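Structural description and commentary
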Amino acid sequence: MILRTEKLTKKFDALTAVSSVDLRVAEGAIHAIIGPNGAGKTTLFNMLTGEIAVSAGEIYFKEKKITGFKPNQIARTGIGRSFQQNKLFQNLSVLENVRLAAHAHSEGHFNLLRHFLYYTKPAEEAWQILEELDITHIAARKAGELSHGQQRLLEVAIALAADPVLLLLDEPTSGMSPDESLRMIRLLKKIGDRLSMVLIEHNMNLVMSISASITVLQQGAVIATGSPSEIQSDEVVRRAYLGEYSR
Amino acid sequence: MFEAALGRKKPLVDREILILGALLMLMPVVLPYKTLAAEILIYALGAVAFNILLGFTGLLSFGHGALFGAGAYTTGLVLIHLGLHPLMALVCACAMGAVVALVIGLLSIRKVGIYFVMLTLALNQLAFFLVYQWKGLTGGDDGLLSVPRPDFAIFPGMKLPIQTNLQFFLFAWFVFILAILLIRRVLNSSFGRVLVAIKENPDRALAVGYNVRHYKLTAFVISGFFTGLAGGLYAMFMRMVPITAVELFTSSDFIIMSLLGGLKSLYGPIVGAVIIKITSEALSQIWARWLLVLGATFILCVLYMRGGVCGLAQSFFEKRKHAEPSK
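Computed from a predicted structure; not experimentally measured. (Residues numbered from 1 in each chain as written. Chains lettered and ligands numbered in written order. Predicted model: local features only at pLDDT ≥ 70, side-chain atom pairs only at ≥ 80, totals over all residues.)

Here we come to the overall build of chain A. Across its full length, chain A carries nine helices and eleven strands. Seen through its C-alpha atoms, chain A measures out along the principal axes to roughly 60 × 40 × 30 Å. The long-range fraction of contacts in chain A, counting pairs at least 24 apart against all pairs at least 6 apart in sequence, stands at 65%. (Helix = DSSP H or I, 4+ residues; strand = E, 2+ residues; numbered from the N terminus. Contact = placed C-beta atoms within 7 Å.)

So, in structure tokens, the structure goes:
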């Protein structure tokens, strides 16, 4: 297992947002987390990436305990993430957004005198990612000036630039047009060939077509885990979430 | 295309720095008093140092009066009691500015937004009352009087006099240009670029792997280092240290200068300092309530000129550049 949680719990005063979640993500697999709004999916992600503190339970990445790590420490272990709401360096160019993410993993980035432009390796890595995502034509444009679909792609590009072995993607197709969604699905399939991935997504076409395994959350608790076909035929999941899609 | 998107490296000394140096060198000739020219340089340095935090890291500090005061009192004290070489006195001012910045930074950068602002403001007030109460060392309300401004040796047997107003201006100009070169180097460095990323989106900077708190604290210390240097020059310039050096008004002066000149540019606060100091000098001689004009200008600037004078000039030139091909 590349990622594993044991009885992971998050409480906000009296509200239990995530309750005793045991998550298992196999190395090289794409694992989806689905569930209705408010099921605790993003809260779970935020705990996995250190954005919020864990109330109880443990997180293991490559069998090393990472519970309580800060987000920057988690990024350095090899976990990258994208956000549900775009979090970009709005006034910087697309290339600079990706380059800064790649730069975080280069040697000696905390250097007060060496000119930023002397670090050519992160720039080359960033450009390769833009090529892979086919967005080199917008490399010089400011992130804040892009369309929503382009910004979602940039979110993924930044997450990739941090050189992760496990990628956590929070609703990568949210707000995208059908064409843009199709492009994202193709892209994620391609990335999934070389990386492990955990995906939060409401787009069931995407989830069922690329996931090897799925965890279903409802009111903070896991109600089912299994392959896409197992989840589609699970009566509890059908009633709670899938409804029409399972038929 | 890749090369074009990368950007170009600037040499340490380029046309920008040469023009800036030449324009500032003209000040003693153009301005009615040579003391005003030196005062502008000192406040401009303080404002540029302050803007490392606000313009390039996104941290609004009201604690820079304490850093300026720390540099000024340290220089005054080491010149009075230890008779140090003036350059050594300035080094001490830088060190003290950095140490006080480290203390303020450690206490305040854990918080963000309004809580950060209020903490720096409270710590500045704390520094003010400390200076006010510790009369034996600081002179209290009267300030630290009779700070010597000795000539200093560059080589054995060769002394550089800094007694007259023009001599001191030249000395301050040299220190100022050296400091600006260093600050520009830091802002163009890998560290400086990460600061801009943190200003743009601290959550994302953290998520990609940067230790945001570490970066912010270092920015605070660097800002304190150069604000302390400005304070040290101020003590030598005034030949005393008034208690106003450590007041909250000193912090607000730096804020107004940076906002008026433009936060996004290294040179914005310099432009702001020149405008504020010259306008204040001129207005104070014709109207007792001149601060009202300054206040109104500040409000107009915040409401309608968010990029400051430099931002306005930049957008003017960009519009002209875009208009040219259509002619």
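So, on to the sheet that holds strand S10 (residues 213-218) of chain A. Residue and element names in this part refer to chain A. As summarised here, the arrangement of the six strands in space is S7-S8-S9-S4-S10-S11, forming an open sheet in which the pairing is mixed. Taken across any chain shown, the strands that pair with only one partner, and hence form the sheet edges, are strand S7 (79-81) and strand S11 (221-226). Adjacent strand axes in the sheet meet at a mean angle of 15°, parallel and antiparallel pairs treated alike. Of the pairings in the sheet, the one linking S10 to S11 comprises five bridges and is antiparallel in character. Following the sheet pairing, Thr215 is matched in S11 by Thr225. (Pairing = 2+ DSSP bridges. Axes fitted to C-alpha atoms, helices over the stretch in contact; angles between N-to-C directions.)

Next up on the list: the pairing of strand S8 (residues 166-170) of chain A. Residues and elements named next belong to chain A. Counted residue by residue, S8 has five buried out of five residues, so it is predominantly covered. Residues Leu166, Leu168 and Asp170 line one face of S8 and the alternating positions Leu167 and Leu169 line the opposite face, and both faces are buried. As paired elements, S7 and S8 share three bridges and run parallel to each other. By the bridge assignment for S8, Gly80 is matched with Leu167. Pairing analysis gives five bridges linking S8 to strand S9 (residues 196-200), with the strands arranged parallel. Its bridge partner being in S9, Asp170 is matched across the sheet by Ile200. The parallel pair S8 and S9 is bridged by helix H6 (residues 178-192), and the resulting crossover is right-handed. (Buried ≥ 20, exposed ≤ 12 C-beta atoms within 10 Å, placed from the backbone. Right-handed = clockwise from strand over helix to strand, strands pointing away.)

What follows deals with the nonpolar core. Judged by nonpolar contacts, the single largest core of 171 residues is most densely connected at Val98 and Ala157 of chain A together with Leu45 and Ala172 of chain B. A domain-level breakdown of this core finds at least three residues from each of domain 1 (1-78 + 164-172 + 190-247) and domain 2 (85-162) of chain A. (Core = buried A, V, L, I, M, F, W, Y, C linked by C-beta atoms within 7 Å. Domains from an automatic or database assignment.)

Residues and elements named next belong to chain B. Contact geometry of helix H13 (residues 248-261) with helix H14 (residues 268-286) gives a least axis separation of 7 Å together with a crossing angle of 110°. In terms of orientation, H13 lies roughly perpendicular with respect to H14. The crossing of H13 and H14 is right-handed. Across from Ile256, Met257, Ser258, Leu260 and Gly261 in H13, the residues of H14 making contact are Gly268, Pro269, Ile270, Val271, Gly272, Ala273, Ile275 and Ile276. Split by residue class, the contact of H13 with H14 holds nine nonpolar, four polar and no charged. (Parallel < 35°, antiparallel > 145°, perpendicular 65-115°, else oblique. Left-handed = near helix turned anticlockwise from the far one by under 90°. Nonpolar A, V, L, I, M, F, W, Y, C, P; charged D, E, K, R; others polar.)

Another point: the environment of Ile34 of chain A. Residues and elements named next belong to chain A. Tracing the backbone shows Ile34 in strand S4 (residues 30-34). Each C-alpha atom of the pair Ile34 and Thr215 lies 6.4 Å from the other, and the pair is 181 residues apart in sequence. The residues touching Ile34, leaving out its near neighbours within four places in the chain, are Glu201, Val207, Ile214, Val216 and Tyr241.

Taken together, the contact between chain A and chain B spans 35 residues of the former and 25 residues of the latter. Mapped by element, the contributors of at least two residues to the side of chain A that touches chain B are helix H2 (71-77), helix H3 (94-103) and helix H4 (120-132) of chain A.

Turning to the domain arrangement of chain A, a few remarks are in order. Residue and element names in this part refer to chain A. For chain A, the assigned domains are domain 1 (1-78 + 164-172 + 190-247) and domain 2 (85-162). In this structure, domain 1 and domain 2 have C-alpha centres spaced 26 Å apart. Across the boundary between the two partners, domain 1 contributes five residues, which contact four residues of domain 2.

Residue and element names in this part refer to chain A. In the Ramachandran plot, Glu171 falls in the positive-phi region, its phi being about 50° despite a non-glycine side chain. As for its position among the elements, Glu171 is in the loop between S8 and H6. For Glu171, a count of 20 C-beta atoms within 10 Å translates into the label buried. Within the chain, Gln219 stands out as a residue other than glycine whose phi angle is a positive 45°. Within the element layout of this structure, Gln219 appears in the loop between S10 and S11. We classify Gln219 as partly exposed; it has 15 C-beta atoms within 10 Å.

Residues and elements named next belong to chain B. Averaged over every residue, the pLDDT of chain B is 91; the share at 70 or more is 96%. Ranking the elements of chain B by mean pLDDT puts helix H1 (residues 2-6) last with 64 and helix H12 (residues 212-238) first with 97. Overall fold confidence (pTM) sits at 0.90, and the ipTM for the predicted complex is 0.89. (pLDDT = per-residue confidence, 0-100.)

Attention now moves to H3 of chain A. Counting buried residues in H3 of chain A gives ten out of ten residues, a clear majority hidden from the surface. All of the buried residues in H3 of chain A are Val94, Leu95, Glu96, Asn97, Val98, Arg99, Leu100, Ala101, Ala102 and His103 of chain A.

With that out of the way, let us pick up the pairing of strand S2 (residues 15-21) of chain A. Residues and elements named next belong to chain A. Direction of pairing for strand S1 (residues 3-12) relative to S2: antiparallel, over a ladder of four bridges. Residue pairing for S2: Lys11 is matched across the bridge by Thr16. Taken together, S1 and the strand that follows it, S2, pair antiparallel across an intervening segment of two residues, in which Asp13 is found at a positive phi of about 50°.

Residues and elements named next belong to chain B. It is at 11 Å that the axes of helix H9 (residues 165-188) and H12 come closest, and there the two elements cross at 175°. As far as their axial angle goes, H12 and H9 are roughly antiparallel. Across the interface between the two elements, Phe168, Ala172, Val175, Ala179, Ile183 and Val186 of H9 pack against Ile222, Phe226, Leu229, Leu233 and Phe237 of H12. Class assignment of the residues belonging to the contact of H9 with H12 gives a composition of eleven nonpolar, no polar and no charged.

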